[in-house]
Amino acid sequence: MSALTALARLRAVREGRAQPAATVRHCHIAEAPMVFIPLRMAGEAAAPLAAMIGTDPGSPRLLVVPQPRDRDLRFAFAAELAEVLLPYVEGFAKETETATRRGAEPYERCLSAPQVLVPNGQAAAFTGLLGRSTRFRRAEGPYPVHPSVPVLGRWLTFFAERAAYPGSSLLVSATDALALHWTSGQSGLEDANLAALLGWIDPPPGLTGLRAAQEAEDPLLWPPAGPATDPGFDNEVLAPAIEGYTRAPTARAVERVREAVRTQLEPTWRLVWRAAELLRGLPAGASVTRRWEYDRGAFTEFLGRVAEGGPPQARRDGAVAAASRLARMERARVSFDVQRAYDDPLIMAEYRLTGEAFAGEVIAADPEHTEGEGRSRKLRPLVTIRTVDPVRLAAGTAVGTPDRRGQEAELVATDGGEITLKITKGMGRGKTPSPGAVPAVGERVCYTSLTDDFQASASLPDPDLTPWTHGGPPEEWVPDDADAAEHWE
Amino acid sequence: MATDRLDALRGPVPPRPHDARAIAALAANPGCARRAVLDAAGIDKDSTARHLGFPAPFGQSRFAITRGDVFEAQVKANGCAGLLRLLREVLGLPIPLVAYHDAADVGAHLRHAHTRALIDRAARDSDDAGTFYDHPLLSLEIAGHTSYLEPDVVAFRLGGRFHIVEIKSFAVIDGQAEPAKVAAAARQAAVYVLALRRLVEELGHDPGRVSHEVILVCPENFANRPVATLVDVRRQLAVLRRQLARMTGVGDLVSGLPSGLTFDLAADADGVPTRPVAELAEAIGTVAARYAPECRSTCDMCLFCRDEARDEGSTDLLGRHVRDELGGVAGVDEALALAEGTRGPADGQEEIARLLRLADRLRAESLEPAR
Amino acid sequence: MAFTLMLEIRGTQGRHAEAPATLPAVSDPLDALERRIGELRGEVRRAVKARQSTLARSLRGELRKAELAWDDAVSAEHGDAPEPAGTPSLLPVREQVHQALALLGVPTAARLVVAVHEAFFAGGLSAGRLTSLRRDEERSFRTAPFSRPYYLCAALTDRLSPARGLLAVSTWPLEQRIVGPLSHRVDFLVSASRIAEHLGRLTRAGEDAPPGALRLLSRMAQNIPGAVERFGGAEPQTVIRAAAAELTVHLEADTAGRAGTAERAARQLGDVEQLFGAATLSHAQRGA
């Protein structure tokens, strides 16, 4: 939250419509993502009630647990979910490319990867819980389940863990993704309601965003996007239908529960697809492809691990694993923030506001300026920029620019609104700079101290040091019978 | 005096008693005078909000209620056998300590007195003391009115101290539970700890004998098997004490209100409110609210106050983060006017005005190429 | 384009619920019923939200009718008939409860009575049917004392009041029906032993142990130290041994307490009160 986003919210209130929070798209949106809308039985930690799932907006598949307290029915649901999700996921294994990177063996990477789209953050968390409750199961032994169930559990866990990874698009929550690109005229808490947030972003004709968001809060018009259901629906519609099934588990009792949950899922189904479409309507940011490449790498690694029959993910990280995971997440967070700023002037504006970046016009340039004498004589072009931004950068600070990626410069002097830089890298190796490498007088440029090793960390890590988010566990976890027999009541 | 005024505000109906959840919620928005006055007067906020046309967006699924009841019954079954196992395993309770007392073994009207007697006996005479006190009924004075509170169980004899046991049906999965739910449980348990401390003190014992560590019992992972965790509620206790002290000072708030002001719903013989809605809304509007989006999970009046904040064009609507960023500028229009330069900063607003002007320019510049 | 299509759907969503009458008429009776059901559900929820309970009740009535009509219509279409629910036991409720209590031999809460009946007998008892049992028995006893071979009666607290939620049998000795502070634990251990013993008898007689009974025993054994391996099922002999071990810790004090209270009850209470407990007011003082 900054004065910029605060201002955007104020303006959204006045205009009655969400305001842009980004000028480009910062997440990958697949051609045909797998939309997954799970519902949970109220009062239970991980009892699935239903799910709507599919890659075609016109033909969703509806999975239902007519009595969510029945353990066998829950595992039947998990097997059915596996039937939909696993072929989709495994389909991406077919086409691969050979990826290379400096100082490491070339390796095979899938050309594309699955993308699961859920309505909100709670649905992403619930995906993780479903994974947790299924990945330790076994197909044989005292409590056998369908062989696909533990595999499903590993994948759901994988997706949920990637969702926590900044910049990953393997599992995308619609509300989070929308809020990254639009600022509504309501509070962040209220933005968690998908229908309300979309009401602000894309109100139906004739309605203001506020009005649409207000309508969206009525659970009779817009059922909650889950996983929690509307208590009124539970009490008046679902409970009698489930009781009916418990009394007589006939086909038509199942049908009644199905029809009941369908009414709750269908509106959200359309909203999630609409969210995908709105996001797709934005041009992709320059770093989206690279981050998706990273996702594809993570997916390929995990695919290999599942194919080798590796053990399910541990219940909890050990101390070392947890610390290194945290460090990785922090690095990814920084890297994601920097990439977005470089890709998007509206994000960069946040750093101009705090003085970590500035934009302005070049008023003087000395492209052939050199430093040192004789053999140590180096080309160091000088550029002076006039800006009205409140720059808070000291002389000697290393800066970069989104206009010429890979170029490095150093701040030489600031004199009121005039800032002089010398370019230290990325202007060519000759005695004179390569054409276009030094901004010309009159050009509008932007420089920022945000240069941290984002280029380095965006490339793939050494396979020997593969983080477990990419499938390489530091220590093998051997689940025992107790894990497989764990109750799911 | 203050009590008379509060009674007048409420009208000729009995004050609405607070349960622990409601008392815990008092601490959620300490700056809200409206809530402080309505609660101190024991006004039925739920009916008031409903009559105003803004029913609270709460509701509980019967599945959740059933699940909660079933889990609690399971933990307490057979003289708290399940709880006993947890206390033995987790807290090392010695095997001979199993005595179970049910404070509800007397008529309902005697339950509070019986609880007092049982707690007194326990605090006095350790040999005869029980280990579990089931269905205790405690009380807490809130701004002159007594609220009765029902903790799940009081456990005694863990190191000579009383512990509040709070049974909740949300799951602890691999040692972790939803932080918001744990926090809510801790706030609620702190209310019981405070009530029990007051009781122990009244009986002439050291209130420190009531532990600030409550025993939270939840189902573990995906099974119904309970697991116990000790939760330190000192911070919640401090907040609660402070807020209750404030409520006693509600007299200052009330004395400033116009005489003759009442929030009476003027219910007819069937209990249907007849008070003209506009009139009631105006009366409520006399006491300033401090709306925040968080109110939506704790206060029955939230949607009424939100609507009011919207009409006033208040920046409260957008959440505390936004408000903080705006350096306390309270109005949407005012903040926009400062940003767009159509209005000069008042004294003390220079800094925020400068920041907003800058933000406005940066947004405009950044969006230009996209247009 | 899909873009505008989505807008269309979004835009009309709210209208469906608000103005269903504007929709074109559909000839299929199932469709019509479904729409009617949808409308009624909405109205019920609105009424509930507005706390209009009378309206909500009548709407619910209509809703059930519509749902039944839909059930009939859809089964006429698919030709499947409902299956009957589980067959109820032929014994009266009081005799079923007595069966379970006789097995357990100690004052027991309705839940466990139901669970034991489910595990060893016909099952089909619901806790709800037990709530008024004690009151009915008391009424019957007051009308014609000792005219039945047994009554389902109360357990007495050390204040001689009826203990909440516990059921006992009138033919048991008075001290067996007393619950002091330690008795809850003692009785729990005794019940677990009795269930284990009964299971042992069944298997020795060559019958299969009912799986429900094993589950019940395992659940109880979880709460007895040394009675069960962490993830294994319970073994009856182990449960009996473990329960006996803990019983030795509590039994003496509990028995003495019960005997004292029973003696007091016999001295102070009349027949009805001995079975169903004294009113709390008159005997509120302990040891009075």
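All of these numbers come straight from a predicted model, not from anything done at the bench.

Undergrad: Account for the state of the cysteines, naming residues and giving values.
TA: Throughout this description, disulfide means a covalent bond between two cysteine sulfur atoms. Residues and elements named next belong to chain B. What the rule picks out here adds up to 0 disulfides over all chains. The structure places no disulfide on Cys32, whose sulfur is separated from the nearest cysteine sulfur, that of Cys305, by 6.0 Å. Residue classification places Cys32 among the buried residues on the basis of a relative accessible area of 9%. In this structure Cys218 is not part of a disulfide, and its nearest cysteine sulfur, from Cys80, lies 16 Å away.

Undergrad: Before we move on, could you go through the domain arrangement of chain B and cite the residues and values that matter?
TA: For an interface, size is often stated in terms of accessible area lost upon the parts coming together. Here the domain parsing of chain B yields domain 1 (62-243) and domain 2 (312-371). Centre-to-centre separation of domain 1 of chain B and domain 2 of chain B, based on C-alpha positions: 49 Å.

Undergrad: A description of the pairing of strand β3 (residues 48-54) of chain A should follow, citing residues and the corresponding values.
TA: Residues and elements named next belong to chain A. Buried residues dominate β3, accounting for 7 of its 7 residues. Looking at chain direction, strand β2 (residues 34-40) and β3 are connected through 6 bridges and run antiparallel. Residue Arg40 lies in a different strand from β3, and its bridge partner there is Pro48. Note that β3 and strand β4 (residues 61-64) share 4 bridges and pair antiparallel. Counterpart to Ala50 in the pairing with β4 is Val64. Joining the antiparallel neighbours β3 and β4 is a turn of 6 residues.

Undergrad: I'd like to hear about the confidence of the model for chain B, residue by residue, with values.
TA: Per-residue pLDDT for chain B averages 88, and the proportion of residues at 70 or more is 98%. This complex was scored by the predictor with a pTM of 0.85 and an ipTM of 0.89.

Undergrad: Just give me the short version of the packing of helix α6 (residues 194-201) of chain A against helix α9 (residues 251-280) of chain A, but keep the residues and values in it.
TA: Residue and element names in this part refer to chain A. Running from N to C, α6 and α9 cross one another at 45 degrees; their axes reach a closest spacing of 10 Å. If you check the angle between α6 and α9, you find them oblique. Here the hand of the crossing between α6 and α9 comes out left-handed. Contacts from Leu194, Ala195, Leu198 and Ile201 in α6 reach Thr268, Leu271, Val272, Ala275 and Leu278 in α9. Considering only residue class, the contact of α6 with α9 consists of 8 nonpolar, 1 polar and no charged.

Undergrad: Go over empty space enclosed by the protein with me, naming the residues and quoting the values.
TA: Residue and element names in this part refer to chain B. Scanning the entire structure with this criterion turns up 8 cavities of 30 Å³ or more. The calculated volume of the largest cavity comes to roughly 110 Å³. Forming the boundary of the largest cavity are 14 residues, of which Cys32, Arg35, Cys295, Cys299 and Cys305 lie nearest the centre. Mapped by element, the contributors of at least two residues to the lining of the largest cavity are α3 (33-40) and α11 (302-311). Among the elements that take part in the lining of the largest cavity, α3 stands out by supplying 3 residues, more than any other.

Undergrad: Residue-level account of the interface of chain B and chain A, with values.
TA: Opposite the 48 residues of chain B that make contact, chain A presents 56 residues. Around 4500 Å² of area is buried between chain B and chain A when both sides are counted, 63% of it from carbon and sulfur atoms. Of all residues in chain B, the largest losses of buried area upon contact with chain A belong to B:Phe63, B:Phe222 and B:Arg363, amounting jointly to 20% of the total for that side. Our count for the contact surface shared by chain B and chain A stands at 13 salt bridges. Our enumeration of links across chain B and chain A arrives at 19 residue pairs in polar contact (both at pLDDT 80 or more). When contributions to the side of chain B that touches chain A are tallied by element, the ones reaching two or more residues are α5 (62-91), α11, α12 (320-325), α13 (332-340) and α14 (350-367) of chain B. Of the residues forming the side of chain B that touches chain A, the biggest block, 11 residues, is contributed by α14(B). Residues that form the side of chain B that touches chain A fall into these classes: 23 nonpolar, 12 polar and 13 charged.

Definitions and limits used
- Residues numbered from 1 in each chain as written.
- Chains lettered and ligands numbered in written order.
- Predicted model: local features only at pLDDT ≥ 70, side-chain atom pairs only at ≥ 80, totals over all residues.
- Heavy atoms only, no water.
- Disulfide = S-S within 2.5 Å.
- Buried < 20%, exposed > 50% of the residue type's maximum accessible area, 1.4 Å probe, protein only.
- Domains from an automatic or database assignment.
- Helix = DSSP H or I, 4+ residues; strand = E, 2+ residues; numbered from the N terminus.
- Pairing = 2+ DSSP bridges.
- pLDDT = per-residue confidence, 0-100.
- Axes fitted to C-alpha atoms, helices over the stretch in contact; angles between N-to-C directions.
- Parallel < 35°, antiparallel > 145°, perpendicular 65-115°, else oblique.
- Left-handed = near helix turned anticlockwise from the far one by under 90°.
- Contact = heavy atoms within 4.5 Å.
- Nonpolar A, V, L, I, M, F, W, Y, C, P; charged D, E, K, R; others polar.
- 1 Å grid on protein atoms, 1.4 Å probe; cavity = no way out; pocket = protein on both sides within 12 Å on 5 of 7 lines; lining within 4 Å.
- Points joined across faces, edges and corners; volume = space filled by probe spheres on them.
- Buried area = accessible area lost by both parts, 1.4 Å probe.
- Salt bridge = Lys/Arg side-chain N within 4 Å of Asp/Glu carboxyl O.
- Polar contact = N/O pair within 3.5 Å; in protein donor to acceptor, adjacent residues only side chain to side chain.

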